[in-house]
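Residue-level listing of the chains:
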Amino acid sequence: MKRQTPPWLSLVLATYGRCDDVGRMLASLAGQTDPDFEVIVVDQNPDDRLQPHITRGRHQGLRIRHLRLREANLSAARNVGIEAAQGEVIGFPDDDGWYEPDTVACVRQALTDPQRDGIAGQWVEQRAASGQPAPAGPLQAAAWRRFKGRHASSITLFLHRRAFARWGNFDPRLGVGRWYGAGEEVDLLMRWLAGGARLEHVPQVRVHHPYAPRRGLGLVAQGGALRRRGRGVGALYAKHHMGFWVVLRGLVGQGLRPMLAGRPRAAVLGLCSAWGSLEGLLRWHGTGQNHAPAGSLAHEP
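The sections below set out a description of the structure shown in this document. (Residues numbered from 1 in each chain as written. Predicted model: local features only at pLDDT ≥ 70, side-chain atom pairs only at ≥ 80, totals over all residues. Heavy atoms only, no water.)

Observations regarding a positive patch on the surface
1) Next: Taken together, the side chains of Arg 146, Lys 148, Arg 249 and Arg 257 make up a positively charged region of the molecular surface.
2) Next: If you trace the backbone, Arg 249 turns up in helix α10 (residues 244-260). (Patch = residues over 30% accessible without salt bridge, like charges linked within 9 Å, V, L, I, M, F, W, Y side chains within 5 Å. Areas by Shrake-Rupley, 256 points an atom, 1.4 Å probe, with all protein chains shown as cover. Salt bridge = Lys/Arg side-chain N within 4 Å of Asp/Glu carboxyl O. Lys, Arg positive; Asp, Glu negative; His and termini not counted. Charge placed at Lys NZ, Arg CZ, Asp CG, Glu CD. Helix = DSSP H or I, 4+ residues; strand = E, 2+ residues; numbered from the N terminus.)

What follows is the structure, encoded as structure tokens:
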């Protein structure tokens, strides 16, 4: 049997709890104008719900590798995909997102500069909601330490594989499925930028993902979700030794700004987030450094 040439791009699709959305993502990948990529599906579901979509994607010509992970942990799942990747560049599509037909081609064009260690594309729906333009330019370490960096969600990142060996993978203590429920991509970018990585925002690379508040959630449920995310922010304060005024602004401003604007519900939610941030900050300083999760084995069915 002829051995396949390694792909240029590896797309690590970590998924848990979804089914048809994954099919939409794979369908958008099957329609790419540049087909030189592999898809590594890191499946954290306890059942075989994805198998029909994976089979269909393979019939559509996609090069798919299906890995299983026992524990639901987004950062750990992406790390499994990073270690399995064969491409020069690695991206992280979300399981309920989708790409435009030329997204992969635009990524390739953006990374023709050999000095770039990676790029952050444009999350189209987030940018539309903000009402702001999407300027191109480098990501700056000093700005990210003040939480003033350019938008760079993990779903928009396309990073050279060589750079992971130098500056590290996602921290599996942070992100969806963890007590510190957010912050994994910010942590990765801050570590890389502090180490000298050259990363740039390239708005021509367009990635889609729904961007809207969750409908139907009550105040308690929303507050709980924001508290979990806040813990991740607090972990960033501690892990990266953020300045006093940055931390104070984050803790106080989340509830104070909506309160002064006469938005009581938003103020309550902001206080939930600030509470979580304080929890994360204190726990990381106390015991967080020792709370790496137990390793979960990944295997290909």
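That was the structure; now back to the text.
Quick look at the pairing of strand β2 (residues 37-43)
1) Next: Burial analysis of β2 places seven of its seven residues in the buried class, the great majority of the element.
2) Next: The alternating pattern of β2 places Phe 37, Val 39, Val 41 and Asp 43 on one face and Glu 38, Ile 40 and Val 42 on the opposite face, and all of these are buried.
3) Next: Relative to β2, strand β1 (residues 9-15) runs parallel, the two being bridged by seven bridges. Note that in β2 the partner of Leu 13 across the bridge is Val 41.
4) Next: With helix α1 (residues 20-30) bridging β1 and its parallel neighbour β2, the resulting β-α-β unit is right-handed.
5) Next: The sheet contact formed by β2 and strand β3 (residues 64-69) spans five bridges and is parallel. (Buried < 20%, exposed > 50% of the residue type's maximum accessible area, 1.4 Å probe, protein only. Pairing = 2+ DSSP bridges. Right-handed = clockwise from strand over helix to strand, strands pointing away.)

Describing a nonpolar patch on the surface
1) Next: A contiguous nonpolar surface patch, about 870 Å² in accessible area, is contributed by Phe 244, Trp 245, Leu 248, Val 252, Leu 256, Met 259, Leu 260 and Leu 271.
2) Next: Sort the elements by how many residues they give to the nonpolar patch and α10 lands first, with seven residues.
3) Next: Inspection of the secondary structure puts Leu 260 in helix α10.
4) Next: Judged by its relative accessible area of 68%, Leu 260 is exposed.

Considerations on the nonpolar core
1) Next: One finds Phe 92, Trp 144, Leu 159, Phe 164, Leu 189, Trp 192 and Leu 199 to be the most contacted residues of the largest nonpolar core, which totals 43 residues.
2) Next: Counting residues per element, this core draws most heavily on helix α8 (residues 184-194), at six residues.
3) Next: Counting 29 residues, the second largest nonpolar core, distinct from the first, contains Leu 26, Val 104, Val 107 and Ala 110. (Core = buried A, V, L, I, M, F, W, Y, C linked by side-chain atoms within 4.5 Å.)

What about the side chain of Asn 79?
1) Next: Within the secondary structure, Asn 79 is located in helix α3 (residues 74-84).
2) Next: The exposure class assigned to Asn 79 is buried, which follows from its relative accessible area of 13%.

What to know about helix α9 (residues 219-239)
1) Next: Over its 21 residues, α9 runs 30 Å from end to end, which matches the ideal 30 Å to within 8%, given 1.5 Å per residue.
2) Next: Within α9, burial applies to Gln 222, Gly 223, Ala 225, Gly 230, Arg 231, Gly 232, Gly 234, Ala 235, Leu 236, Tyr 237 and Ala 238.
3) Next: Close packing links the buried residues of α9 with α8, α10 and α11 (264-286).
4) Next: Phi for His 241, located one or two positions after α9, is positive at around 50°. (Expected span 1.5 Å × (residues − 1). Contact = heavy atoms within 4.5 Å.)

Topic: the pattern of salt bridges
Oppositely charged side chains can pair when the atoms bearing their charge come close.
1) Next: Applying the stated rule across the entire model yields 21 salt bridges.
2) Next: Of the charged contacts in the structure, one is a salt bridge between Arg 68 and Asp 48, with a shortest N-O distance of 3.1 Å. Of this pair, Arg 68 sits in strand β3 while Asp 48 sits in the loop between β2 and α2 (51-59); the two residues are 20 residues apart in sequence, bridging distant segments of the chain.
3) Next: Accessibility expressed as a relative area gives 11% for Arg 68, which makes it buried.
4) Next: Linked through salt bridges whose partners overlap, the residues forming this network are Asp 171, Arg 173, Asp 187, Arg 191 and Lys 239.

As for α3
1) Next: Burial within α3 is extensive, with 10 of its 11 residues counted as buried.
2) Next: Of all the residues in α3, the buried ones are Leu 74, Ser 75, Ala 76, Ala 77, Arg 78, Asn 79, Val 80, Gly 81, Ile 82 and Ala 84.
3) Next: The N-terminus of α3 is capped by Asn 73, whose side-chain oxygen sits 3.2 Å from the backbone nitrogen of Ser 75. (Polar contact = N/O pair within 3.5 Å; in protein donor to acceptor, adjacent residues only side chain to side chain.)

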